[in-house]
Amino acid sequence: MKKLLIAAGCILAMMAGMAQAQDRPLRIAFDVPYEPFEYKTPDGELTGFEVELARAMCEEMGRECEFVIQAWDGIIPGLLARKYDLIMSSMSITEDRAKRVLFSEPYYITPGAWFGKMKTKVDVTDMSAMEGKVVGVQRGTTMDNYVTENMSDVVDIKRYTTADDMVLDLESDRLDLTFVDYPVGEEYFLSEDNYKVVGEPVKLGKGVAVAMRKRDTELAEKINAALKTLKNDGTYDTIMDKYFDYNIKM
Amino acid sequence: MPEFLADLLNQNAIFTATTVGHYWDGLVTTVQLVFLSLVIGLLLAVPLAILRTVKNPFVSGPVWLYTYIFRGTPLLIQLYIIYYGIGQIDGIQDTFWWDIFREPFYPALLAFTLNTAAYTTEIIRGALVATPHGEIEAAQAYGMSWLLRMRRIILPSAFRRALQAYSNEVIFMLHASAIASVVTIVDLTGAARDIYSRFYAPFVAFIAVAVIYMALTFLIVYCFRRLERRMLRHLKPLNQ
């Protein structure tokens, strides 16, 4: 009898635990600032395209959500270490990443673009003109991979942890060019007078998706369904139009 | 790299010939940076330590201020100030200084040199002050001038006393050099960070680099032990 009671107690506790796991808020990680996707307003509130999309997605799924701030460098290890459940921080789908995480359907794509000072006159597609140029990228981004794979013999690549440091080095002429996500460059460079886009933007990769742990296949289905609804019922477009004057929908 | 080694490495998911080459470049940069800053730092520290022991406050004061500032602030802050601060000075891009400070290597070398020179100055000063009075008085009794006394008596015995503390400073400097990667230098840590963010394998990337740092430290410890055995032989008890 005593054993039975203990067993029953254990089962009850487990069920309570499972119920709790269901109700536990989804924790979503962002690397801020990455304007206009995720950043903090002057009064400290988290906002941006992906933050609002995440809120709409959680509402659609009927789940409560918590937002976690995490630097880009450690964002996948943090996910694997269960510090949060989802990454919605402009993470492009790549083969290397897909080995470690599970991606949802992509929810946006932006091109990478070259940014430089107004005086910059170089044809970025001409490898002999690019010879010896010093190029700044953010470490581990799709842009980093693109430059590393295609141009590492030609240009001198400098890798930065944050965009702020990269802007300072372009400002002081340590860099000739930077290769960043178009919206990021728009925010950092085009808002000032002395920078411009150099050459044509390059469409890279398979788009940006929600990343989660490999085992969470059930969650992935729910997220894909929610994203699909948002894309079709106009919610996505409303949020996009608020932050962009061009189309990034995918 | 020999062909068979490259083939063997390329079967590995992370330690391919490219990444091992990246670590090697990082190792070369780290060793260059640390070795140069230690040598220049030591050359600066010896005269500074002597000035620091002078009674006249107008001579010793500025040296005290220098060591106080550089020991009183984190090396990372000093590196930020030198690397980003200098780039912000108006018009520096048009002077010859920019040829030096444009590359991240030289601002880092400057920061590391000034930092290690400050610590080494204090280590040597401590050893100078601790010179037994009897040795100095004996030298004076022989009629040695200040310069001769310094050269023959005080400095040699001070160097011996400073040796153990200085070996610590060398090891600290090696480990402190890890912050060079924040100013885009691809040193050992920078290489590890590149490989980490490419393969998302923190254990593999950082344990590999930790082992390399440990090997370097072992080498430093070994050299200093040989040096101590030679220089401090007269302090050993006879029966050992």
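All values reported here derive from a predicted model rather than from experimental measurement.

A. Inspection of the UniProt feature "transmembrane region" (unreviewed entry) in chain B at higher detail. UniProt's feature table lists "transmembrane region" (unreviewed entry) at residues 33–51, 63–85, 105–124, 170–193 and 199–224 of chain B, given in the numbering used throughout. Taken end to end, residues 63–85 of chain B has its terminal C-alpha atoms 23 Å apart, with 91% of it in helix and 0% in strand.

B. Up close: the packing of aromatic side chains. Enumeration according to the criterion identifies 24 aromatic pairs over all chains in this entry. For the ring pair B:Tyr83 and B:Tyr84, a centre distance of 4.7 Å and an interplane angle of 85° mean the geometry is edge-to-face. The burial state of B:Tyr83 is the same as that of B:Tyr84; both residues are buried. Aromatic ring contacts, followed pair by pair, group A:Tyr34, A:Phe37, A:Phe49, A:Tyr107, A:Tyr108, A:Tyr236 and A:Phe244 into a single cluster. We note A:Arg174 situated over the ring of B:Tyr83; from NZ or CZ to the ring centre the distance is 3.6 Å.

C. Up close: the domain arrangement of chain A. All names here are of chain A. When its domains are assigned, chain A resolves into domain 1 (18–109 + 206–243) and domain 2 (112–202). The interface of domain 1 with domain 2 comprises 10 residues on the first partner and 11 residues on the second. Summing both partners gives a buried area of about 890 Å² for domain 1 against domain 2, and 46% of it is carried by carbon and sulfur. Of all residues in domain 1, the largest losses of buried area upon contact with domain 2 belong to Tyr-34, Glu-35 and Asp-73, amounting jointly to 45% of the total for that side. Remark: the boundary between domain 1 and domain 2 carries three residue pairs in polar contact (both at pLDDT 80 or more). For the side of domain 1 that touches domain 2, the residue count by class is six nonpolar, one polar and three charged.

D. Local environment of the environment of B:Thr189. Residue and element names in this part refer to chain B. Along the chain, Thr-189 falls in helix H9 (residues 188–199). Separated by 133 residues in sequence, Thr-189 and Asn-56 have C-alpha atoms that sit 44 Å apart. Dropping the residues within four chain positions of it, Thr-189 is found in contact with Ala-178, Ser-181, Val-209 and Tyr-213. In terms of polar contacts, Thr-189 uses its side chain to reach the side chain of Tyr-213, at 2.7 Å.

E. The arrangement of the sheet that holds strand S9 (residues 156–160) of chain A in detail. Residues and elements named next belong to chain A. Here five strands make up an open sheet; going across it, the order is S9-S8-S10-S7-S11 and the pairing mixed. Of all the strands in the sheet, the pair left with one neighbour each is S9 and strand S11 (195–202). Along the sheet, successive strands turn relative to each other by an average axial angle of 30°, direction set aside. Here strand S7 (residues 112–117) runs beside strand S10 (residues 177–181); their pairing, made up of four bridges, is antiparallel. Bridging across to S10, Gly-112 finds its partner in Asp-181.

F. View of the UniProt feature "domain: Solute-binding protein family 3/N-terminal" (unreviewed entry) in chain A. What UniProt calls "domain: Solute-binding protein family 3/N-terminal" (unreviewed entry) maps, in this numbering, to residues 25–247 of chain A. Secondary structure content for residues 25–247 of chain A is 37% helix and 26% strand, and the end C-alpha separation is 31 Å.

G. Region of interest: the pairing of S9(A). Residue and element names in this part refer to chain A. Most of S9 sits out of view: four of its five residues are buried. Relative to S9, strand S8 (residues 134–138) runs parallel, the two sharing five bridges. When the bridges of S9 are listed, Val-134 appears paired with Asp-156. Assessed by its sense of winding, the connection that carries the chain from S8 through helix H6 (residues 142–151) to S9 is right-handed.

H. Seen up close, the packing of H9(B) against helix H10 (residues 202–231) of chain B. Residues and elements named next belong to chain B. Closest axis-to-axis distance for the H9/H10 pair is 8 Å, and the angle between their directions is 165°. As the angle between them shows, H9 and H10 are arranged roughly antiparallel. For the element pair H9 and H10, the recorded crossing hand is right-handed. Contacts from Leu-188, Thr-189, Ala-192, Arg-193, Ile-195 and Tyr-196 of H9 reach H10 at Pro-202, Ala-205, Phe-206, Val-209, Ile-212, Tyr-213 and Leu-216. Split into classes, the residues belonging to the contact of H9 with H10 amount to 11 nonpolar, one polar and one charged.

I. Structural detail: the interface of chain B and chain A. The interface of chain B with chain A comprises 24 residues on the first partner and 25 residues on the second. When chain B packs against chain A, close to 2200 Å² is buried across both sides, 43% of that on carbon and sulfur atoms. If you sort the residues of chain B by the area they bury against chain A, B:Arg102, B:Arg198 and B:Tyr200 come out on top, with a joint share of 31%. Taken together, the connections running from chain B to chain A amount to five salt bridges. Of the charged contacts, one joins B:Arg198 and A:Glu149 as a salt bridge, the two residues approaching to 3.7 Å between their closest N and O atoms. For the interface between chain B and chain A, the tally reads 12 residue pairs in polar contact (both at pLDDT 80 or more). Those elements that place two or more of their residues in the side of chain B that touches chain A are helix H4 (75–88), helix H5 (97–101) and H9 of chain B. Residue contributions to the side of chain B that touches chain A peak at seven residues, all from H9(B).

J. Highlighting the environment of A:Gly74. Tracing the backbone through its elements, the reader meets A:Gly74 in the loop between strand S4 (65–69) and helix H3 (75–80). On a C-alpha basis, the gap between A:Gly74 and A:Asp85 in space is 14 Å, while along the polypeptide they are 11 residues apart. Among residues more than four places away in sequence, those in contact with A:Gly74 are A:Tyr84 and B:Tyr196.

K. Main features of the sheet that holds strand S12 (residues 208–212) of chain A. Residues and elements named next belong to chain A. The five strands lie next to each other as S4-S1-S5-S12-S6, forming an open sheet whose pairing is mixed. Each edge of the sheet is formed by a strand with only one pairing partner; in this case those strands are S4 and strand S6 (102–108). As paired elements, strand S1 (residues 26–30) and strand S5 (residues 86–87) share two bridges and run parallel to each other. In the strand pairing of S5, Ala-29 is matched with Ile-87. The sheet strands contacting helix H9 (residues 217–232) are S1, S5, S6 and S12, and the helix crosses S6 at an angle near 10°.

What counts as what
- Residues numbered from 1 in each chain as written.
- Chains lettered and ligands numbered in written order.
- Predicted model: local features only at pLDDT ≥ 70, side-chain atom pairs only at ≥ 80, totals over all residues.
- Heavy atoms only, no water.
- UniProt positions renumbered as here; feature names shortened; annotations may be inferred.
- Helix = DSSP H or I, 4+ residues; strand = E, 2+ residues; numbered from the N terminus.
- Phe/Tyr/Trp six-rings, centres within 6.5 Å; stacked < 30°, edge-to-face > 60°.
- Buried < 20%, exposed > 50% of the residue type's maximum accessible area, 1.4 Å probe, protein only.
- Lys NZ or Arg CZ within 6 Å of the ring centre and 35° of its normal.
- Domains from an automatic or database assignment.
- Contact = heavy atoms within 4.5 Å.
- Buried area = accessible area lost by both parts, 1.4 Å probe.
- Polar contact = N/O pair within 3.5 Å; in protein donor to acceptor, adjacent residues only side chain to side chain.
- Nonpolar A, V, L, I, M, F, W, Y, C, P; charged D, E, K, R; others polar.
- Pairing = 2+ DSSP bridges.
- Axes fitted to C-alpha atoms, helices over the stretch in contact; angles between N-to-C directions.
- Right-handed = clockwise from strand over helix to strand, strands pointing away.
- Parallel < 35°, antiparallel > 145°, perpendicular 65-115°, else oblique.
- Left-handed = near helix turned anticlockwise from the far one by under 90°.
- Salt bridge = Lys/Arg side-chain N within 4 Å of Asp/Glu carboxyl O.

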